[in-house]
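# Observations on the model geometry
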Amino acid sequence: MSHVVLRGVGKRYPNSQRFAVRNINLELARGEFLTLVGPSGCGKSTTLRMIAGLEEITEGDLYIAGRRANDLPPKDRNIAMVFQSYALFPHMTVAANIVFGLKVKGVPPAERQRKLEWACELLDLKGLEHRRPAELSGGQRQRVALGRALVLEPEVLLLDEPLSNLDAKLRLRMRTELKNLHRKLGLTVIYVTHDQAEAMTLSDRIAVYDNGRIVQVGTPEEVYYDPVNRFVAGFIGAPPMNFFDGWLEGGAFVTGGVRVPLGHGLQPPREPAGAVTLGVRPEDLTPVYEETPGALPGRVAFIERLGSDDYLVVEVAGILAQARVPAGTRVESGRPVWLVPRPGRVYWFAGDEEGRRLR
Amino acid sequence: MKRIRLGWALGLAVALFMILFPLYILFKYSIADRASIVTGGRYPEPLWPFAPTFEMYRYLVSRGDFWAAGVTSVRIALYTVALSLTLGAPAAYALARYRFAGYGVLIFTLLSLRLFPDIATVIPVVERFYKPPLNALPVEVQVALAHTLLSLPYVIFMSIGVFQGIPKDLEEQAAILGCSRLYTFTRILLPVAAPGLAAGAIYTFLLSWNEFIFAYYLTFTNPEGATLPVYLLRVMAWTPQKNLLAALAVVISVPVILFSFLVQKYMQAGLTAGAVK
Amino acid sequence: MPGLAALATGAAGVRTGAGPRHHLGGDPVGRRQRLYMWLMLFPAFFYLVTAFGLILYEMVTISLLYGPPGAEAYPSLGNYAEMLASPEFWAALRRTTVFVVIGTPLQLLVGLGLALLVHREFRLRGMVRAIFMLPIAIPSVVTAVIISLLFSVPYGHVNDLLMGRFGWFPRLVSAPINWYASEPLALGLALLGKTWRDMPISMLILLAGLGSISEEQYEAARTMGATSWQQFKYITVPQLVPAMASVLVLRSIEAWKEFIFPYILAPSFPVLGTLIDHAYHVAKRPSYAAALALVLVVLIAVTTGVLNRILRFLETHLVKA
C-alpha cells in the first residue's frame with residue numbers, strides 16, 4: 001500500500017466560489033521524493049498545507065501511512081514541515097529549537113539529548129547548539145529547520161520552497177545535501193518549489209501544477225522528454241522550449257507567413273491536425289547556413305553567452321528562437337540561418353488554449 | 001539656499017530655547033536659596049541662584065507623605081501595566097491575525113473612546129467606586145482600573161503591529177510540532193513579541209505616572225492615597241514656596257524624562273497610534 | 001481622509017498584510033478557530049465596552065436626579081434646565097469654544113514648525129528630536145507648575161522682564177501684571193501650557209506625513225527648477241493635507257477635553273471641565289456635574305463629526321483641484 005495517498009483532494013476557501021485546487025490524485029511510495037512544481041499561485045503550496053493539516057480539505061481523502069488523515073490535527077499526522085522562512089523560534093537557542101517538538105510531545109530529556117546530538121552530527125551543526133537563530137547564516141538556519149523536522153522521525157517530511165531564501169551558490173550546495181540526506185535516511189519527502197531545476201535534480205517523481213490542477217506526474221525524464229501539453233513543455237527546461245504557432249497544410253508547416261516543408265527531422269504528428277504549435281528545445285536545434293529541407297529559416301539576431309554554452313538567438317517568422325551552439329561560436333548578426341530540428345525531438349501541440357500534445 | 005539654512009538654524013535655536021528654557025527654570029528654582037526667591041521687589045529674581053542648595057530635595061526625602069505618594073504612583077503604574085497587557089495582548093493578537101465581520105466595529109469602538117473627556121467620565125466612575133461593592137477595592141486598584149480604561153486602547157493599537165510582524169509560519173510550525181493554541185501563544189508568540197509589547201508597557205507606565213484627573217478624584221477623600229501629581233497639587237495648595245514646588249516637580253519629572261529618552265522611538269508609536277496611516 | 005472613520009480604515013488597511021490564508025469557515029475547525037479568536041478578544045473588549053457603557057448609563061441616570069443638596073432627589077430634567085438658565089454655563093461654553101478655536105490651529109502650526117525643523121538630515125538630529133519630545137514626557141501638572149513659576153505675581157521672571165528689572169530689557173509696564181485676574185491672560189497661559197506640552201504629538205503625526213513623501217519628488221522638482229518655496233507649496237503641503245487633517249481632528253478633541261491647565265492656571269475663568277469639577281467638589285452636586293459631563297461628551301461627538309465632514313469636503317475639493 002502506498003505511503004501517502006491523495007484521492008480527489010480539493011480546496012475551496014470559504015466565501016469563494018472557485019476551488020483553489022481540485023481533483024488532486026497522488027500516491028507516494030515509502031521513501032519516495034516527490035516534488036510539486038508550478039508557477040506561483042498554482043495550488044502546490046495549498047496542497048502541501050492540506051497534507052500538513054494547516055488547511056482543511058474541502059473534498060476528497062488524504063491517507064498518511066494507511067490512516068485517513070483529513071480530520072486529524074497537524075500534530076497527529078506524523079508529519080514534519082520545513083517552511084520557506086524556516087520559522088525558527090527566534091527566542092530559543094539552536095538546541096531548544098531542534099528538540100522543541102520532542103519536548104512538546106513529552107519525550108524524556110535523555111532521549112531528547114540523544115536526538116539532538118544525532119541531528120547536530122548529521123547536519124553539521126556541532127558547536128552551534130547555544131547560538132540563537134539571529135546569529136546563524138542562512139544555510140545554518142536552513143539546517144536547524146531541517147534538524148527540527150528530522151528529530152521527530154516523521155512519516156512524511158514536507159518541504160515548502162526550503163531553498164528559495166538562499167543565495168544561488170548556497171542553494172546548489174543545499175540541493176546536493178538534501179539529496180544525500182534523502183538517500184541516507186530513506187525519507188518520504190514532498191517538496192514544493194517553483195524552480196524547475198530543483199524539481200529535476202532532486203525528485204524521484206515530479207507533479208506539475210497549472211492553475212489548481214496537476215497536469216502531469218512522472219519521473220524527471222518523463223516530464224522533460226514526454227510532456228503532455230504545451231504548459232509542461234514550456235515550464236520544464238531552461239532555457240525554455242521554442243514555440244512556433246502556425247498550422248499544417250499540404251505537407252508543410254506554416255508559421256508567421258513562412259512555409260516550412262515537412263521532412264527530415266520535422267515530422268508531423270500522426271493524428272490529424274490543423275492549427276498547431278511546434279515546440280523544439282534549444283539543444284535540439286542545430287543551425288546551418290544553407291537552405292535545408294525541414295529546417296526553420298531565420299536570421300541571426302545575437303548570441304547569448306552563458307559560459308559553458310552559448311545560445312544563438314535567431315529571428316524566425318517574427319519570433320526569437322534559441323539554439324544551443326558550442327561556446328565561443330562567432331556569427332555576425334543578420335546572417336540567414338536554417339534551424340534543423342533533431343529527429344524525434346519535435347513536439348506538436350494543439351493550437352488551442354489547452355495546448356494538448358499531439359502525437 | 002543660504003538664507004533658508006540661516007532661517008532653519010534660527011528656528012531650531014528658538015525651538016530648543018522654548019523647550020529647554022522652561023525646564024531649566026524649573027531646575028533653577030528647585031535649587032534656589034531663600035534670597036533668590038524672596039526678593040521683596042528690590043532686585044529681579046536671578047537666573048542662577050545666589051547660593052544653590054539641595055535643601056529642598058533633602059526636605060522632600062525626609063517627608064513620609066512624599067515617599068507614600070511615590071510608592072503609590074509606582075504601584076498604580078505597575079498594576080495598570082499588568083492589567084493593560086494581560087487584557088490587551090490577546091485582543092491585539094486576535095485583531096492582527098483574523099479577518100472577521102466585526103473588525104471595523106471593534107477598531108471604531110477603540111478610537112471613539114477617545115471622544116470621552118476624562119473630566120466627564122470621572123464623575124460616574126467615582127460615583128461607582130464610592131458605592132458598594134467596588135468601594136471595597138483598595139484605592140490603588142481603583143485608580144489602576146481607571147487608568148486601564150485610558151491605556152488599553154493604546155496598548156491594543158501598539159500591539160496589533162507587533163503581532164502582525166510575527167510570521168504566521170511560527171504558529172503553524174508550532175502547531176505541526178504539537179503545541180496547543182494556548183501553549184503557542186504563551187511560549188512562542190509572547191516571548192517573540194516581548195520587545196514590541198514593552199513599548200506598550202512603557203507607554204502605559206508613563207501614562208499612569210503622569211495621569212492626574214482619575215487619581216485626583218479617586219483619592220480626593222483619602223489623603224494617604226495620593227499619587228505624585230496629586231501630591232504636587234496638594235503641596236501647591238499649602239505652600240507658596242517656589243523652590244519646594246520646583247524640587248517636587250523635578251523629582252516627579254526626572255524618571256519619566258530619563259525613561260522617555262531611553263525609549264524615544266517607542267513613545268512615538270504610542271503617541272501616533274491610530275493617527276498615522 | 002481625516003478623522004476617526006478614516007483612522008479606522010487606515011488601521012484596517014495596515015492589517016490586510018495578514019494575507020488571505022486565514023479564513024474562517026463554517027466547518028468544525030473553523031468554528032473552533034472562531035471561538036478561540038473571540039475568547040482572545042473578549043476580556044479587553046468586555047472591559048472597555050461594559051465600563052464605557054456603564055459610564056454613559058450612569059452619566060445619564062445621575063444627571064436626571066434633581067433636588068437640593070441633602071434632600072431626596074427625584075428624576076427630572078431640572079439639572080439641564082438650570083444649566084441652560086445659568087450664565088456661568090454659557091460663559092464656560094464660550095471660553096471652551098475659544099480655547100478650541102484658537103488652540104487647535106495653533107497646535108497645528110507649532111507642530112508643523114517643529115516637524116519641518118527636524119525633517120532633514122543634520123548632525124545630532126536624533127538628539128534634537130529627543131529634546132523636542134521632552135514636553136510630552138513630563139506630567140501636565142508639572143508643566144502648569146513651570147508656567148505658574150515663570151508667570152508668578154508680583155515678582156516672577158516674566159514680570160521682572162516686562163518691568164525692565166533685568167536692565168538689558170526695556171521697561172514695558174510700570175506695575176506687575178496680575179496674569180490670573182484677566183480672562184484673556186489667564187486662559188492664554190492655560191493655552192500656552194497645553195500647546196507647549198502637546199506639541200510633540202502634532203509634530204510626530206506631521207513628521208510621519210512628511211516621511212511618506214519620497215525624496216525623489218523633491219529631486220524631480222529641483223531638476224525642473226522649482227524653488228524651495230515652490231517645492232513646499234506644490235509638493236509638501238498638498239501631500240501633507242491628510243496628516244494635517246488628522247492633527248486638527250485629534251487636537252480639537254483634546255482641546256475640548258482640556259481640564260488641568262485651565263483648572264490650575266485660570267481657576268477664576270472656568271471652562272466646561274472646570275465647571276464640572278466645581279459642581280462636583282465645591283458645590284457637592286454630582287448630578288449637576290454629570291449633566292455638564294454629558295453635555296460635554298455630546299458636544300465633542302457632534303463637533304468632531306462636523307469637523308470631520310468639513311475637512312473631508314475641503315480635502316476632496318481642494319486637493320483634487
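Quick summary incoming for the structure in this document. Position labels on residues start from 1 in each chain and follow its written sequence. For this description, chains carry letters from A and ligands carry numbers from 1, given in the order in which they are written. With the structure being a predicted model, the display of local features is reserved for residues of pLDDT at least 70 and the display and counting of side-chain atom pairs for 80 or more, all residues being used for whole-chain, interface and lining totals. Heavy atoms throughout the structure, all of them, feed into the side-chain values; hydrogens and water do not.

### Description of the overall build of chain B
The condition is simple: Going along the chain from the N terminus, every DSSP run of H or I of four or more residues is numbered as a helix, and every run of E of two or more is numbered as a strand. Only protein chains enter the calculation, and the probe is 1.4 Å; a residue is then buried if its accessible area is under 20% of its type maximum, exposed if over 50%, and partly exposed in between. Should any heavy atoms of two residues lie within 4.5 Å, those residues are counted as being in contact. All accessible-area figures derive from a Shrake-Rupley calculation using a 1.4 Å probe, and residue coverage is judged against the displayed protein chains alone. The convention is simple: Lys and Arg are positive, Asp and Glu are negative, and His and the chain ends are not counted. For this purpose, a charge sits on NZ of Lys, CZ of Arg, CG of Asp or CD of Glu.
Along chain B, the regular secondary structure elements total 13 helices and zero strands. Helices and strands in chain B line up, N terminus first, as α-α-α-α-α-α-α-α-α-α-α-α-α. For chain B, the spread of C-alpha atoms along the principal axes amounts to about 80 × 65 × 35 Å. In chain B, which comprises 277 residues, the proportion classed as buried is 60%. Within chain B, counting contacts between residues at least 6 apart in sequence, those at least 24 apart form 71% of the total. As displayed, chain B has an accessible area near 11000 Å², and 70% of this comes from carbon and sulfur atoms. Side-chain charges in chain B split into 21 positive and 12 negative, and the spacing between the mean points of these groups amounts to 9 Å.

### Some thoughts on helix α11 (residues 228-238) of chain B
Among the residues making up α11(B), those that are buried are Leu228(B), Pro229(B), Val230(B), Tyr231(B), Leu232(B), Leu233(B) and Val235(B). Each element contacted by the buried residues of α11(B) is listed here: α4 (64-97), α9 (181-210), α10 (213-218) and α12 (242-262) of chain B together with α6 (140-150) and α11 (260-265) of chain C.

### What about the sheet that holds strand β9 (residues 205-210) of chain A?
All names here are of chain A. To keep things clear, this is the line we draw: Paired strands, in this sense, are two strands between which DSSP finds at least two bridges. What counts as an axis is a line fitted to C-alpha atoms, over the stretch in contact for a helix, and the angles between N-to-C directions run from 0 to 180 degrees.
The sheet built from six strands is open, its strands ordered β6-β7-β8-β3-β9-β10 with mixed pairing. The open sheet is flanked by β6 (79-82) and β10 (213-218), the only strands paired with a single partner. Direction aside, the axes of adjacent strands within the sheet are offset by 20 degrees on average. As judged from the five bridges shared by strand β3 (residues 33-37) and strand β8 (residues 189-193), these two strands associate in the parallel manner. In the strand pairing of β8, Val37 is matched with Thr193. Sitting on the sheet, helix α4 (residues 138-150) is in contact with β6 and β7 (156-160), with an inclination near 175 degrees to β6.

### Looking at the nonpolar core
Quick note on the threshold: In plain words, nonpolar cores are sets of buried Ala, Val, Leu, Ile, Met, Phe, Trp, Tyr and Cys residues tied together by side-chain atoms within 4.5 Å.
Counting 265 residues, the largest nonpolar core has Leu95(B), Phe163(B), Phe212(B) and Phe132(C) as its most contacted members. With 15 residues, helix α7 (residues 139-164) of chain B is the largest single contributor of residues to this core.

### A few points about the layout of surface pockets
Over the atoms rolls a probe the size of a water molecule, and its path tells where empty space is left. Note the cut-off: The distinction between a cavity and a pocket rests on a 1 Å grid over the protein atoms alone: a 1.4 Å probe fits inside a cavity but cannot get out, while a pocket stays open yet meets protein on both sides within 12 Å along at least five of seven lines, and a residue with an atom within 4 Å of a point counts as lining. Grid points are joined across faces, edges and corners, and a volume is the space filled by probe spheres set on the points. Any residue outside Ala, Val, Leu, Ile, Met, Phe, Trp, Tyr, Cys, Pro, Asp, Glu, Lys and Arg is labelled polar, Gly included; the first ten of those are nonpolar and the last four are charged.
Its boundaries defined by the atoms lining it, the second largest pocket holds a volume of some 950 Å³. Ile4(B), Leu116(C), His119(C), Arg120(C) and Ser228(C) are the residues nearest the centre of the second largest pocket, which is lined by 21 residues in total. Breaking the lining of the second largest pocket down by element, the ones donating at least two residues are α1 (2-30) of chain B together with α4 (87-118), α9 (215-223) and α10 (228-257) of chain C. Ranked by the residues each element gives to the lining of the second largest pocket, the list is headed by α10(C), at five residues. Broken down by class, the residue content of the lining of the second largest pocket amounts to ten nonpolar, six polar and five charged.

### Regarding the interface of chain C and chain B
The test is simple: What gets called buried area is simply the loss in accessible area from a 1.4 Å probe that two parts show on being joined, summed for both. The salt bridge definition used is simple: a Lys or Arg side-chain nitrogen within 4 Å of an Asp or Glu carboxyl oxygen. N or O atoms closer than or at 3.5 Å make up a polar contact, with two conditions inside protein: a donor-capable atom paired with an acceptor-capable one, and, for residues adjacent in sequence, both atoms drawn from side chains.
Each partner contributes to the interface: chain C provides 98 residues, whereas chain B provides 104 residues. Between chain C and chain B, the buried area comes to about 9500 Å², and carbon and sulfur atoms account for 76% of it. Run the count over chain C and chain B and you get one salt bridge. Close ionic contact of Arg128(B) with Glu58(C) constitutes a salt bridge, the shortest N to O distance being 2.6 Å. On the surface where chain C and chain B come into contact, there are 14 residue pairs in polar contact (both at pLDDT 80 or more). Looking at which element gives the most residues to the side of chain C that touches chain B, the answer is helix α2 (residues 28-63) of chain C, with 20 residues. In the side of chain C that touches chain B, the residues fall into 73 nonpolar, 15 polar and ten charged.

### Overview of unusual backbone geometry
Cis geometry marks the peptide bond from Ala238(A) to Pro239(A), where omega comes out at -10 degrees. Among the structural elements, Pro239(A) can be located in the loop between α8 (230-235) and β11 (242-249). The omega torsion across Pro132(B) and Pro133(B) is 0 degrees, close enough to zero to call that bond cis. Considering the arrangement of structural elements, one finds Pro133(B) in the loop between α6 (118-130) and α7. The residue Tyr86(A) is not glycine, and still its phi comes out positive at about 75 degrees. Positionally, Tyr86(A) belongs in the loop between β6 and α2 (94-104). The exposure class of Tyr86(A) is buried, given its relative accessible area of 6%. A positive phi angle, near 65 degrees, is found at Leu124(C), a position not held by glycine. Within the element layout of this structure, Leu124(C) appears in the loop between α4 and α5 (125-137). The class of Leu124(C) is exposed, set by a relative accessible area of 63%.

### Considering the packing of aromatic side chains
Formally: Aromatic pairs are defined between Phe, Tyr and Trp rings, using the six-membered ring for Trp, whenever the two ring centres lie within 6.5 Å; interplanar angles under 30 degrees are classed as stacked, those over 60 as edge-to-face, and all others as tilted. In this scheme, the term charge over a ring applies when either NZ of a lysine or CZ of an arginine sits within 6 Å of the ring centre and within 35 degrees of the ring normal.
Within the structure shown, the criterion is met by 34 aromatic pairs over all chains. Each ring, one from Trp168(C) and one from Phe169(C), has its centre 6.2 Å from the other, and the planes form 85 degrees; the classification is edge-to-face. Ring pairing ties together the aromatic residues Phe212(B), Tyr216(B), Tyr217(B), Phe220(B), Phe259(C), Tyr263(C) and Tyr280(C), which thus form one cluster. We note Arg22(A) situated over the ring of Phe19(A); from NZ or CZ to the ring centre the distance is 3.8 Å. In this structure, Arg148(A) packs its charged tip against the face of Phe89(A), placed 4.8 Å from the ring centre.

### Here we look at the side chain of Thr184(B)
One can find Thr184(B) in helix α9. With residues near it in sequence (within four places) discarded, Thr184(B) still touches Glu171(B), Ala174(B), Cys179(B) and Leu189(B).

### Describing the pairing of strand β19 (residues 336-341) of chain A
Residue and element names in this part refer to chain A. Across four bridges, the pairing between strand β15 (residues 285-288) and β19 is antiparallel. Paired with Pro287 across the bridge in β19 is Leu339. Where strand β16 (residues 296-305) lies against β19, four bridges are found, and the strand directions are antiparallel. In the sheet register, Arg299 faces β19, and the bridge partner there is Pro336.

### Considering the pattern of salt bridges
This model, assessed by the stated rule, comprises 39 salt bridges over all chains. Among the ionic pairs, Glu153(A) bridges to Lys115(A), the shortest N-O distance being 3.7 Å. In this pair, Glu153(A) is assigned in the loop between α4 and β7 and Lys115(A) in helix α3 (residues 109-123), connecting sequence segments 38 residues apart. According to the relative accessible area criterion, Glu153(A) is exposed, its value standing at 53%. When its relative accessible area of 9% is taken as the criterion, Lys115(A) is described as buried. Two residues, Glu45(B) and Lys242(B), come together in a salt bridge whose shortest N-O distance is 2.6 Å. On the criterion of sequence distance, the pair formed by Glu45(B) in the loop between α2 (34-37) and α3 (55-61) and Lys242(B) in helix α12 is long-range, its members being 197 residues apart. For the pair Glu45(B) and Lys242(B), a shared accessibility class is recorded, and that class is buried.

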